[in-house]
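Residue-level listing of the chains:
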Amino acid sequence: MKRILLLAALCAAMISCGGDRSETLKVYNWSDYIDESVIPEFEQWYKDQTGETIKVVYQTFDVNETMLSKIEKGHEDYDVVCPSDYIIERMLNNGLLIPLDFASIPDSINYISLNKSPYISGMFRSINPDIDANDYSVAYMWGTTGILYNTSKVTEEEASTWDVIRNPKFAGQVLIKDAPRDVYAPVLIYLKQKELAEGSVTLNDLMHDSSDESIAAVEEYMKVVKDGVLGWEADFGKEQMTKERGVVSLNWSGDAVWAIEEAAEVGVSLAYLVPEEGSTVWFDGWVIPKYARNVKAATYFIDFMCRPDIAIRNMDETGYVAANGAMEVLESQIDEEFEPIDLSYFFGEQASSVRVDPVLYPDKAVIERCVLEHDWGTDTDKLLAMWSRIKGDNASSVTYIVIAAAVFVIACAAITGSARKKRRNRRR
Ligand code: N2P
């Protein structure tokens, strides 16, 4: 009897700390970043391929640093997550990732190596000279950071500089991504235009620049921008732009594609460009953290996401661009309404003149003025502190008055309510 009790206790303990996880796959992805109908399809496909049952537990995040801190500090047992490039770099540097074992997937359904773009593989290799990030991660989506703008309120010329976010003409109608690194980078590029033109610094140098001086310069600049900010947004900015609440949005190309298409349906004209001073190119990739509990299903999940038809559905749903070099993916995006652009860097020579949306796939000339962000290690804390200083005192005096008024009304209601109750009690 004692033995049975002991066994039961052991099972309960196993279940409470995760237990047998072979039938559960925990996926942690950006919000609005997948066609959710592919998840049950994956569960069925996994069953067909392996004969095993899997249930996906799908959770989302909005900010890279939040996701990372959960894994770094909380040791959360997500099986597969989707950080951005500089976070993958940090996870690699800190030994947080498990190498991917694609040899474990039968050749007939191995979509990963077949569909890898040479451009993306090269970017991965540049992440860390000592460890090939291609062995630890598979890119999911990619794009640029730029300016999404309302063409009836903002001219192309005005939008062609990052300084448009500080243009007093648009005060109160500017939306900024709540993504400290993705805002810091373009602002620093803007502030260092002279040095860039002279050649005393390169775009890549700036992506490693976490000096107190540069952080202070960006902070000072952003404190001016803040006065005209309508919102710091993780995902609601694109919708605000379609409703014309905002007219300028520092945003990612994928959100821009989504917003441009939705806005067109309601007669609002939006456009997106990468400012002349230069910008960042980014990608988010699937990785398996070392605290994962179901590496097999995670590996199959990553593979499934690389299947061209699945990649196309995820693109169509989100507006983002799959980091998938399959010709099938390119063909799905060809549209005669666009001018031909050079995408040979991404798809190879056969794509040197293709008619696709240049917001989705930046032309070679745009890509040449974009750069990849890099991990700052422990200096990241300085950036996060700066970001909360900027946003922390974001509440305007109007906000404080509204909060104070609300507190006053609630307090009055509580006092009146309790006085009434006392009177009623006395009457009784
Ligand atoms: C989509 C998030 C995209 C992340 N909601 C871009 N790095």
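Every value quoted in this text rests on a predicted model; they were computed, and no experiment measured them.

A.B. asks: Looking at this structure, I do not really get the overall build of the protein chain. What am I missing?
C.D. replies: Regarding its fold elements, the protein chain presents 19 helices and 13 strands. Taken across its 428 residues, the protein chain has 53% of its residues classed as buried. A sequence separation of at least 24 residues applies to 74% of the contacts in the protein chain between residues at least 6 apart. Taken as a whole, the protein chain presents about 19800 Å² of accessible surface, with 54% of it coming from carbon and sulfur.

A.B. asks: Just to check I follow, could you spell out the nonpolar core for this structure?
C.D. replies: Grouped together as the largest cluster of nonpolar side chains are 102 residues, with contacts concentrated most on L25, F42, W142, L343 and Y361. Sorting elements by how many residues they give to this core places helix 13 (residues 295–305) first, with seven residues. Counting residues in hydrophobic clusters, the runner-up holds 38 residues, among them V174, L203, L206 and W376.

A.B. asks: What's the story with the site of the ligand in this structure? I'm lost.
C.D. replies: The environment of the ligand is made up of W30, S31, D32, Y33, S84, D235, W252, W282, D284 and Y320. Between a nitrogen atom of the ligand and a main-chain N or O atom of S31, the distance comes to 2.6 Å. Between a nitrogen atom of the ligand and a side-chain N or O atom of D235, the distance comes to 3.2 Å. For the ligand, whose accessible area on its own is 270 Å², the fraction buried by protein is 99%. In the shell around the ligand, the residues fall into five nonpolar, two polar and three charged.

A.B. asks: Hey, could you run me through the pairing of strand 2 (residues 55–61) in this one?
C.D. replies: Successive residues of a regular strand alternate their side chains across the two faces of the sheet. As paired strands, strand 1 (residues 24–30) and strand 2 are joined by seven bridges and run parallel to one another. Within strand 2, the position partnered with K26 by the bridge is V57.

A.B. asks: Quick question: what am I supposed to make of the packing of aromatic side chains here?
C.D. replies: For any pair of aromatic rings, the description consists of the separation of the ring centres together with the inter-plane angle of the planes. Overall, the coordinates contain 31 aromatic pairs when judged by the stated rule. It is K116 that lies over the ring of F124; its NZ or CZ is 5.7 Å from the centre. One Lys or Arg, K238, reaches over the ring of W258 and ends 5.2 Å from the middle of that ring.

A.B. asks: It is not clear to me how the pattern of salt bridges should be interpreted in this structure. Could you clarify?
C.D. replies: Two side chains carrying opposite charge are able to pair once their charged atoms lie near each other. Considering all chains together, one arrives at 27 salt bridges under this definition. A salt bridge links D235 to K238, with the nearest nitrogen and oxygen atoms 3.6 Å apart. Owing to a relative accessible area of 5%, K238 belongs among the buried residues under this scheme. Between K243 and E239 there is a salt bridge; the shortest N-O distance is 3.0 Å. You can call K243 partly exposed: its relative accessible area is 45%. In this structure E239 comes out as partly exposed when scored by relative accessible area, which is 38%.

The rules we used
Residues numbered from 1 in each chain as written. Predicted model: local features only at pLDDT ≥ 70, side-chain atom pairs only at ≥ 80, totals over all residues. Heavy atoms only, no water. Helix = DSSP H or I, 4+ residues; strand = E, 2+ residues; numbered from the N terminus. Buried < 20%, exposed > 50% of the residue type's maximum accessible area, 1.4 Å probe, protein only. Contact = heavy atoms within 4.5 Å. Areas by Shrake-Rupley, 256 points an atom, 1.4 Å probe, with all protein chains shown as cover. Core = buried A, V, L, I, M, F, W, Y, C linked by side-chain atoms within 4.5 Å. Near = heavy atom within 4 Å. Polar contact = N/O pair within 3.5 Å; in protein donor to acceptor, adjacent residues only side chain to side chain. Nonpolar A, V, L, I, M, F, W, Y, C, P; charged D, E, K, R; others polar. Pairing = 2+ DSSP bridges. Phe/Tyr/Trp six-rings, centres within 6.5 Å; stacked < 30°, edge-to-face > 60°. Lys NZ or Arg CZ within 6 Å of the ring centre and 35° of its normal. Salt bridge = Lys/Arg side-chain N within 4 Å of Asp/Glu carboxyl O.

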